[in-house]
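Residue-level structural notes
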Amino acid sequence: MMMMQDELKKAVGWAALDYVTPGTIVGVGTGSTAAHFIDALGSIKHQIEGAVSSSEASTEKLKSLGIPVFDLNSVDRLAIYVDGADEINDQMQMIKGGGAALTREKIIAAVADKFICIADASKQVQVLGKFPLPVEVISMARSYVARELVKLGGLPEYRQHVVTDNGNVILDVHNLSIIDPCALEIAINALPGVVTVGLFATRAADVALIGSADGVKTLTQ
């Protein structure tokens, strides 16, 4: 099963190459599916200007393939951002952050004209929330934010021994059935001490490439 799942991830990673415009800087995500996209990007590295990366891990992988990595502050726009998801619903809204890179991912998604989600079919859900919702929190606010998340119906769990690339901690919120992802995203983001919630709902994906046994399906808004 894992082998099959990895093949599906590879298929969508390579399928995303179709959306890359030569001569541009490409936004690149984090995780096992995004890693396949980085491999694919390596095959056309001489056709692109370079990449903006959402994590230290992705930056290392890009550099190892000889792809120039730009600081986002030096880039005023990105045509595309390609990244995986932990869950995605029919409205192309996602839960992301299983790899703890949610804040940088959300920032790059905001800059990109088009957000392309690459995922295998196991990530598709009707209602978001079975996958615990990651929330990046400034350390001193951890207990306060956890209490507030309980009021919102969640069961927050501190992700032990994880410090984000930004020096913060992660709370994973279990027990949620997220009927209105946009409202919950706004509510959690408004809590003092929250850096980012891993709900990508107000800025959903524009295109989803879903790997299944029948091949890669393309979903659009």
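Going by the structure above, here's the rest.
Structure report, in brief. Predicted model, so just to flag it, every value in this text is computed and none were measured. All chains use their own residue numbering, which begins from 1 and follows the written sequence. Per-residue local features are limited, in this predicted model, to residues with pLDDT of at least 70; the limit for side-chain atom pairs, both in listing and counting, is 80 or more; totals at the level of whole chains, interfaces and linings are taken over all residues. The side-chain values count all of the structure's non-hydrogen atoms but skip hydrogen atoms and water molecules.

Our next topic: the overall build of the protein. Under the scheme used here, helices are H or I runs from DSSP no shorter than 4 residues and strands are E runs no shorter than 2 residues, and both carry numbers assigned from the N terminus. Regarding its fold elements, the protein presents 6 helices and 13 strands. In this setup the radius of gyration rests on C-alpha atoms only. A globule is expected at 2.2 Å times the number of residues raised to 0.38. Its C-alpha atoms give the protein a radius of gyration of 17 Å, near enough to 17 Å, the size a compact globule of 221 residues would have. Here the protein holds 221 residues, and the buried ones make up 52% of them. In what follows, a contact means two residues having at least one pair of non-hydrogen atoms within 4.5 Å. Restricting the contact set of the protein to residue pairs at least 6 apart, pairs at least 24 apart contribute 72%. If you sum the accessible surface of the protein, you get close to 10,100 Å²; carbon and sulfur atoms cover 54% of it. This count recognises Lys and Arg as positive and Asp and Glu as negative, with His and chain-terminal groups excluded. Here the site of a charge means NZ on Lys, CZ on Arg, CG on Asp, or CD on Glu. When the 18 basic and 25 acidic side-chain charges of the protein are each reduced to a single mean position, those positions are 2 Å apart. Whether a residue is buried, partly exposed or exposed follows from its accessible area with a 1.4 Å probe, protein chains only, as a fraction of its type maximum: under 20%, in between, or over 50%, in that order. Note on areas: Shrake-Rupley with a 1.4 Å probe; residue coverage comes only from the protein chains shown.

With that settled, consider the sheet that holds strand S11 (residues 199-200). Two strands qualify as a pair provided DSSP detects at least 2 bridges between them. Judged by pairing direction, the sheet is antiparallel, and its 3 strands sit side by side in the order S4-S5-S11 without closing on themselves. With partners counted over all chains shown, the strands left at the sheet margins are strand S4 (87-88) and S11, one partner each. Across 2 bridges, S4 lies against strand S5 (residues 94-95) in antiparallel orientation. The residue bridging glutamate 87 from the neighbouring strand is isoleucine 95, located in S5.

This part covers the pattern of salt bridges. It is possible for side chains bearing opposite charge to pair when their charged atoms get close. We define a salt bridge as a contact between a side-chain nitrogen of Lys or Arg and a carboxyl oxygen of Asp or Glu at a distance within 4 Å. All told, the structure shown has 10 salt bridges when counted by the stated rule. Taking the shortest distance from any N to any O, the salt bridge between glutamate 185 and lysine 106 comes out at 2.9 Å. Residue glutamate 185 is located in helix H6 (residues 181-189), and its partner lysine 106 is located in helix H4 (residues 102-111); the two are separated by 79 residues in the primary sequence. Per residue, the accessibility class of glutamate 185 equals that of lysine 106, and both read buried. As a salt-bridge pair, lysine 123 and aspartate 120 come within 3.1 Å of each other at their nearest N and O atoms. For the pair shown, lysine 123 and aspartate 120 are each scored as buried. Residues participating in the shared-partner salt-bridge network are Asp83, Lys96 and Glu105.

On the secondary structure map, serine 53 appears in strand S2 (residues 50-53). The class for serine 53 is buried, based on a relative accessible area of 13%. Engagement of the side chain of serine 53 in a polar contact is seen with the backbone oxygen of serine 55, the distance being 2.8 Å. Identification of polar contacts relies on pairs of N or O atoms within 3.5 Å, with a donor-acceptor requirement for protein atoms, meaning one able to donate a hydrogen and the other able to accept it, and with residues adjacent in sequence counted only if both atoms are side-chain atoms.

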